[in-house]
Amino acid sequence: MEYFTELFFSGLTRGSIYALIALGYTMVYGIIGLINFAHGEIYMIGAFTSFVVATVLSIYGFPLLSIVLLAGLAAAVWSASYGYTVEKIAYRPLRHAPRLSALISAIGMSIFLQNYVLLAQSSEFQPFPELIPDFDFMEPFAHVVGSSDLVILLTTALVMVGLTMLIKFSRIGKAMRATSQDRTMAMLVGIDVNKVISVTFIIGSALAAIGGMLIASHIGQINFFIGFIAGIKAFTAAVLGGIGSIPGAVLGGFVLGLTESFATGYVSSDYEDVFAFTLLVLILIFKPAGLLGREAAEKV
Amino acid sequence: MLSIEQLKKSLFVSLWFAFLTFPLLVIKVDPIERTVQWRWENMALVAAGSFLVSLLVRVFQVQQERRRERRATGEFVDRVPIMQIILSEPRYLYTLSGAVLLCSLVFPFLFSTYQTNIMITALMYVMLGLGLNIVVGLAGLLDLGYVAFYAVGAYSYALLNYHFDVGFWMALPIGALLAALFGVLLGFPVLRLRGDYLAIVTLGFGEIIRLILENWNEFSEGPSGISNISRPGFFGIELSLEHAILYLYYLMIAMVVFTIFVVNRLQDSRIGRAWVALREDEIACQAMGIDKRKTKLTAFALGATWAGIVGVIFAAKTTFINPASFTFLESAIILCIVVLGGMGSIFGVIVGALILILLPEYLRALSDYRMLAFGAVLVTMMIFRPQGVVANIRRSYQFKSKAEGEG
């Protein structure tokens, strides 16, 4: 039972990170119908930025809380800037091009960013400074759920609530919903669609960056390649929940996280990534619309 | 030519990129030694570089704009690119291909074994590119897991050779068949999927194959791979290493010529036309009575066949394989070849493969930046020249009887 609880919490932690990244995929897909292949790389850049900033600050002897806040802020700001730039360079000129062109451009961007970080930083695994200390009040539960798990879960919950509020109640949220329903119509009623798309990329990238920082500090090491696998898994989560649906992304993230955690715990840890890919293939074959997505008929 | 306004914009772009690259390019930390290294020179490079690139793009745009204006007034008539003239006129085309073939036949006598070896690799990528071209270029199905079929071919020869001592020539058709089988296996479930979903599933499929090869030790020897694979036999005669390379080179030339022949014939066949129809519009294509399932499956199967064949040759060439040779990056390189050369264009794919494989080999200093450049190439090509270096020419009827009745 204890083993089960442990796996359950580690699944939730994983799942919430997947959910944070999946939100970026799903929001972008909802608005421009493009799989932002470079999103995993944005997440990796967020994690790397926070790694650089946190390490520099800790070398200069800043207190832990300010390190956490500043590193998180830097990660979000820079990832958002990267997301914005990527959209502007690689996707905007191709908005009216065939889907295949935009997708190839996205793959190119992903390869470019990955190798940019490889060349700019290092190809080795880097130890990530521990940003979340072990809290005293967590002592009695430490064998099943760690402090960093708790922080990750709480942050994710907060972010989700914030995002939902933003989309439901703010002006820009309304504009985003309108754009995703019908871009041309949104333009006609005076919504600056380009701005909405940029904002979507900025929000999605910042969320991924926060996820990146949290998981990197949880795992304790970082590498330029983490974005690839995390990106595919988060995409799986987004598809699982129904791409384009925000609650779907969260649900998909948790389902995927728990599946992986139990599968590696009870079956075999060698095939950790195979489970996610198999799940992805199975959903796409049997229920391409996902758990919460709507089946959309293609108009001719 | 460029206004102050535009210079200002470029300046802003360069400042933006300096900001963007600041944490990753300027700061380098060593978490173990606990030292920070500030590399300001990188920032200056990025700023200058992005300023120049941004200016170039602006100049390019201004030129495009002017050309468009002149075209509208009828002052400027597009010249037909020289490549297109050569490709559309059989007389030139046959002369050119003959010359290329002759050059490639004498190549090993003019250059060292090392160069020949590199050329074999390039030719292998030509074949892979031509195979992927069937799937991506003709049928318009973005396959990101193409390397999986390559792995299937390589492992089928390696394992057959290791366990049953099967020779190269026996393994060649087996590898091709197995790869085609896997192509159908992948094709079946993804029949219903649209472009981008398809891309991700094929990517997942490629990764699954690699992960299985890496983890299933009893079957594939895991990450350590299989070594001592026999080289291709030559009527039972033992060849020295140098001669074996020479032999392999001519084998590859023959293979590439064969591939070009087959792909060319396929393009004009019934199924080839069905692929193009499928690429252009799935619904219209079905309405015309084309069986979508069959068309897609044959595209996957035929595309995979070439990868399987090259896989067998790869195993025979290196005599050692392990899962590390079959990563997603390999798929990306092959895709890049097809995209750079020109999707759907045979000649383009050959040019693309030679550029992308030979250039980094000869510019050793740049080999670190190889993948970076590949990524950039994919993006720039899509934005500025989506049809590739050598555009595929659409066959069209020319009405020559009346001068004014064009098209």
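Residues numbered from 1 in each chain as written. Chains lettered and ligands numbered in written order. Predicted model: local features only at pLDDT ≥ 70, side-chain atom pairs only at ≥ 80, totals over all residues. Heavy atoms only, no water.

K.L.:
Tell me about the overall build of chain A, residues and numbers included.
P.N.:
The number of helices and strands found in chain A is 11 helices and two strands. In terms of overall size, chain A behaves like a compact globule, its C-alpha atoms giving a radius of gyration of 19 Å where 300 residues would be expected to give roughly 19 Å. C-alpha atoms of chain A, sized along the principal axes, occupy 60 × 45 × 40 Å. Across the 300 residues that make up chain A, the buried fraction comes to 58%. Of all intrachain contacts in chain A linking residues separated by at least 6 positions in sequence, the fraction that spans at least 24 positions is 79%. Carbon and sulfur atoms provide 67% of the accessible area of chain A, an area that totals close to 12400 Å². For chain A, the centre of its 15 positive side-chain charges and the centre of its 18 negative side-chain charges are spaced 22 Å apart. (Helix = DSSP H or I, 4+ residues; strand = E, 2+ residues; numbered from the N terminus. Rg over C-alpha atoms; globule rule 2.2 N^0.38 Å. Buried < 20%, exposed > 50% of the residue type's maximum accessible area, 1.4 Å probe, protein only. Contact = heavy atoms within 4.5 Å. Areas by Shrake-Rupley, 256 points an atom, 1.4 Å probe, with all protein chains shown as cover. Lys, Arg positive; Asp, Glu negative; His and termini not counted. Charge placed at Lys NZ, Arg CZ, Asp CG, Glu CD.)

K.L.:
How would you explain the overall build of chain B if you had to name every residue and give the values?
P.N.:
A tally of regular secondary structure across chain B gives 17 helices and two strands. Overall, the C-alpha framework of chain B stretches about 80 × 75 × 50 Å when taken along its three principal axes. Expressed as a percentage of its 407 residues, the buried residues of chain B come to 47%. Expressed as a percentage of contacts within chain B between residues at least 6 apart in sequence, the contacts between residues at least 24 apart total 76%. Surface accessibility of chain B: about 20900 Å² in total, with carbon and sulfur atoms responsible for 64%. Taking the average location of the 33 positive side-chain charges in chain B and that of its 28 negative ones, the two points are 8 Å from each other.

K.L.:
Explain the domain arrangement of chain B to me, using residue names and the numbers behind them.
P.N.:
Domains assigned within chain B are domain 1 (4–73) and domain 2 (111–384). For domain 1 of chain B versus domain 2 of chain B, the separation of C-alpha centres amounts to 36 Å. (Domains from an automatic or database assignment.)

K.L.:
Can you tell me about the packing of helix α2 (residues 39–59) of chain A against helix α3 (residues 64–91) of chain A, naming the residues and giving the values?
P.N.:
All names here are of chain A. Their axes nearest at 8 Å, the elements α2 and α3 cross at an angle of 145 degrees. For the pair α2 and α3, the sense of crossing is right-handed. Contacts between α2 and α3 involve I42, I45, G46, T49, S50, V53, A54, L57 and S58 on the former and, on the latter, I67, L70, A71, A74, A75, W78, S79, Y82, G83 and V86. Across the contact of α2 with α3, the residue classes tally to 13 nonpolar, six polar and no charged. (Axes fitted to C-alpha atoms, helices over the stretch in contact; angles between N-to-C directions. Left-handed = near helix turned anticlockwise from the far one by under 90°. Nonpolar A, V, L, I, M, F, W, Y, C, P; charged D, E, K, R; others polar.)

K.L.:
Give me the lowdown on empty space enclosed by the protein, citing residues and values where you can.
P.N.:
A water-sized probe, rolled over the atoms, reveals where empty space remains. Under the definition given, this model contains two cavities of 30 Å³ or more. Residue assignment for the lining of the largest cavity shows that the elements contributing at least two residues are α2 and α9 (226–241) of chain A. Examining the composition of the lining of the largest cavity, we find that five residues originate from one element, α9 of chain A, more than from any other. In this structure, the second largest cavity spans a volume of roughly 30 Å³. Taken together, L144, G145, V147, L203, G206, E207, F326, T327, F328 and S331 of chain B make up the full set of residues lining the second largest cavity. (1 Å grid on protein atoms, 1.4 Å probe; cavity = no way out; pocket = protein on both sides within 12 Å on 5 of 7 lines; lining within 4 Å. Points joined across faces, edges and corners; volume = space filled by probe spheres on them.)

K.L.:
How would you explain the packing of aromatic side chains if you had to name every residue and give the values?
P.N.:
Residue and element names in this part refer to chain B. For the structure shown, the criterion picks out 32 aromatic pairs over all chains. Measuring from centroid to centroid gives 6.0 Å for F107 and Y249, while their planes differ by 25 degrees, and the two rings are stacked. Linking F107 in helix α5 (residues 90–110) with Y249 in helix α11 (residues 241–268), this pair joins segments that are 142 residues apart in sequence. Assigned by exposure class, F107 and Y249 land together as buried. (Phe/Tyr/Trp six-rings, centres within 6.5 Å; stacked < 30°, edge-to-face > 60°.)

K.L.:
Report on the packing of helix α1 (residues 2–32) of chain A against helix α10 (residues 246–267) of chain A, specifying residues and quantitative values.
P.N.:
Residue and element names in this part refer to chain A. Interhelical geometry of α1 versus α10 gives an angle of 145 degrees and a closest axis separation of 6 Å. Once α1 is placed against α10, the crossing between them reads as right-handed. Within the contact of α1 with α10, the residues separate by chemical class into 18 nonpolar, nine polar and two charged.

K.L.:
Can you lay out the pairing of strand β1 (residues 27–30) of chain B for me, pointing to particular residues and giving the numbers?
P.N.:
All names here are of chain B. Residue alternation in β1 divides its side chains into a buried set, I27 and V29, and an unburied set, K28 and D30. Looking at chain direction, β1 and strand β2 (residues 35–38) are connected through four bridges and run antiparallel. For D30, the partnering residue across the bridge sits in β2 and is T35. (Pairing = 2+ DSSP bridges.)

K.L.:
Can you break down the pattern of salt bridges residue by residue, with the values?
P.N.:
Counted according to the given criterion, the structure contains 10 salt bridges over all chains. Between E87 of chain A and R95 of chain A there is a salt bridge; the shortest N-O distance is 2.5 Å. Taken individually, E87 of chain A and R95 of chain A each receive the classification buried, so the pair is uniform in this respect. A salt bridge links R68 of chain B to E65 of chain B; the shortest N-O distance between them is 3.3 Å. (Salt bridge = Lys/Arg side-chain N within 4 Å of Asp/Glu carboxyl O.)

K.L.:
Summarise helix α12 (residues 270–280) of chain B; cite the residues concerned and give the values.
P.N.:
One turn of the α-helix equals 3.6 residues, which is why residues spaced by three or four share an orientation. All names here are of chain B. Taken together, the buried positions of α12 are G272, A274, W275 and L278. The buried residues of α12 occupy one face: seen down the axis, they fall within an arc of 160 degrees. In α12, the exposed residues that point more than 90 degrees away from the buried face are R270 and R273. (Arc of directions from axis to C-beta.)

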